[in-house]
Amino acid sequence: MKNFVKTSSIKLILFFCFSFLFLGITNANSQTVRYDSVSKQKYILVDVDKTYERIVDKGYESLELFESLGNYYYENKNFKKSKLYFDKLFVKYKLSQISKKSIERYHSISK
């Protein structure tokens, strides 16, 4: 009985160690901590595209949101996703509201 308690406590400790390690790794992948070379302060880089996509998935829509996502994916050469967000942008908003850069990019991938 004493041996059983000892092995189960070791397994429990190992389980918690791996759990904390796994949680630390997954959290580190979602954001990056950097240090400013001048002021020596920490700052965090956030995946803006993933954050904006979650906002769109929740039903929020705006000119800036669609334009930012369309331009982001265009710059990263993901033209399929870029066209998706540009299509939403051009359906919901007038040409006078959309920036000239976005209009040019949309026409270049729509051909």
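Here the structure is shown first, and the text comes after it.
Structure report, in brief. None of the values given here were measured: they were computed from a predicted structure. (Residues numbered from 1 in each chain as written. Predicted model: local features only at pLDDT ≥ 70, side-chain atom pairs only at ≥ 80, totals over all residues. Heavy atoms only, no water.)

1. Looking at the nonpolar core
Among the nonpolar cores identified, the biggest contains 14 residues, and V56, Y85, F86, L89, F90 and I98 are the most heavily contacted of them. Elements with a minimum of two residues in this core: α3 (63-75), α4 (79-92) and α5 (100-110). Counting residues per element, this core draws most heavily on α3, at five residues. Excluding residues that lie within four positions of it along the chain, V56 makes contacts with L65, F66, L69, Y85 and K88. (Core = buried A, V, L, I, M, F, W, Y, C linked by side-chain atoms within 4.5 Å. Buried < 20%, exposed > 50% of the residue type's maximum accessible area, 1.4 Å probe, protein only. Helix = DSSP H or I, 4+ residues; strand = E, 2+ residues; numbered from the N terminus. Contact = heavy atoms within 4.5 Å.)

2. Some remarks on the packing of α3 against α4
At a minimum axis separation of 8 Å, α3 and α4 run at an interaxial angle of 155°. Considered as vectors, α3 and α4 are oriented roughly antiparallel to each other. Taken as a pair, α3 and α4 cross one another with a handedness that is left-handed. Contact residues: α3 offers L63, F66, E67, L69, G70, N71, Y73 and Y74, while α4 offers F79, K81, S82, Y85, F86, K88, L89 and K92. (Axes fitted to C-alpha atoms, helices over the stretch in contact; angles between N-to-C directions. Parallel < 35°, antiparallel > 145°, perpendicular 65-115°, else oblique. Left-handed = near helix turned anticlockwise from the far one by under 90°.)

3. Thoughts on the pattern of salt bridges
For the structure shown, the criterion picks out five salt bridges. Note that K81 and E53 form a salt bridge whose closest N and O atoms lie 3.2 Å from each other. Linking K81 in helix α4 with E53 in helix α2 (residues 48-57), this pair joins segments that are 28 residues apart in sequence. For E53, a relative accessible area of 15% gives the class buried. The salt bridge involving D87 is made with K83; its shortest N-O contact spans 3.2 Å. Of this pair, D87 and K83 are both found in helix α4, four residues apart, which corresponds to roughly one turn of the helix. (Salt bridge = Lys/Arg side-chain N within 4 Å of Asp/Glu carboxyl O.)

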